[in-house]
Amino acid sequence: MKNKYMFGGAIIVVFLGVMIYLFTQTNVQYEADFAKIQAKSKTFKATGTWVREKNYEVNKDDRTFSFYMKDYTGREMKVVLAGNMPNNFESAQSVVVTGKYKDGCFYASDVLTKCPSKYEGKPQISSGM
């Protein structure tokens, strides 16, 4: 009878240990320095701004969208997204891309844009009295 409870308790403890390990581990790392991203072949979330002078490119044959992005130090890298241009890309203040750096390009699986007008305060209406 005691062995049955000890065996069940051991299974619960192992299950909880595995779940805690899986919830605390993540394979995506946030990075704002492109030099560190280019040195490793891990999955990163990179933050930067779109280099407007180099424009963007839409390749309808490969169904890719590519642009140049720079970090806070001014280092640039080419970003290739398998998909369409994200909404509000042209008016974006900053860009967050998720993916891996490989063969001189950052291959993104996701691109998020931060639109400046969304974060601006609404104009105050004075009563005029």
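Shown above is the structure to which this text applies.
Residues numbered from 1 in each chain as written. Predicted model: local features only at pLDDT ≥ 70, side-chain atom pairs only at ≥ 80, totals over all residues. Heavy atoms only, no water.

### Brief notes about the overall build of the protein chain
Turning to step 1, where the next piece is worked out: Counting its secondary structure elements, the protein chain contains two helices and seven strands.
Turning to step 2, where the next piece is worked out: Mapped from its N terminus to its C terminus, the protein chain presents α and β elements in the order α-β-α-β-β-β-β-β-β.
Turning to step 3, where the next piece is worked out: Residue burial in the protein chain is summarised as follows: out of 129 residues, 26% are buried.
Turning to step 4, where the next piece is worked out: Taking contacts inside the protein chain between residues at least 6 apart in sequence as the whole, the part at least 24 apart equals 44%.
Turning to step 5, where the next piece is worked out: Surface summary for the protein chain: the accessible area is close to 9,700 Å², and the carbon and sulfur share equals 55%. (Helix = DSSP H or I, 4+ residues; strand = E, 2+ residues; numbered from the N terminus. Buried < 20%, exposed > 50% of the residue type's maximum accessible area, 1.4 Å probe, protein only. Contact = heavy atoms within 4.5 Å. Areas by Shrake-Rupley, 256 points an atom, 1.4 Å probe, with all protein chains shown as cover.)

### Quick look at the pairing of strand 6 (residues 94-102)
Turning to step 1, where the next piece is worked out: Alignment of strand 2 (residues 43-50) against strand 6, held across six bridges, turns out to be antiparallel. Its bridge partner being in strand 6, Gly48 is matched across the sheet by Val95.
Turning to step 2, where the next piece is worked out: In this structure, strand 6 lies alongside strand 7 (residues 105-114), joined through nine bridges in antiparallel fashion. The residue bridging Val96 from the neighbouring strand is Leu112, located in strand 7.
Turning to step 3, where the next piece is worked out: In this structure, the hairpin formed by strand 6 and strand 7 is closed by a connection of two residues, where Asp103 is found at a positive phi of approximately 55°. (Pairing = 2+ DSSP bridges.)

### Quick look at the nonpolar core
General note: in soluble globular proteins, nonpolar side chains tend to be found buried as a group.
Turning to step 1, where the next piece is worked out: Ranked by internal contacts, the top residues of the largest apolar core, which has 19 residues, are Ile37, Phe67, Met69, Val95, Val97 and Phe106.
Turning to step 2, where the next piece is worked out: Going through the elements one at a time, helix 2 (34-39), strand 2, strand 4 (64-70), strand 5 (76-82), strand 6 and strand 7 are the ones with two or more residues in this core.
Turning to step 3, where the next piece is worked out: With sequence-adjacent residues up to four places away left out, Phe106 is seen in contact with Ile37, Phe44, Met77, Lys78, Val79, Val80, Val97, Thr98, Gly99, Lys100 and Tyr101. (Core = buried A, V, L, I, M, F, W, Y, C linked by side-chain atoms within 4.5 Å.)

### Some details on the pattern of salt bridges
Turning to step 1, where the next piece is worked out: The full count for this structure, using the stated rule, is one salt bridge.
Turning to step 2, where the next piece is worked out: Among the ionic pairs, Lys54 bridges to Glu76, the shortest N-O distance being 2.7 Å. Placement of Lys54 in the loop between strand 2 and strand 3 (56-59) and of Glu76 in strand 5 is noted, with a sequence separation of 22 residues between them.
Turning to step 3, where the next piece is worked out: What makes Glu76 partly exposed here is its relative accessible area of 32%. (Salt bridge = Lys/Arg side-chain N within 4 Å of Asp/Glu carboxyl O.)

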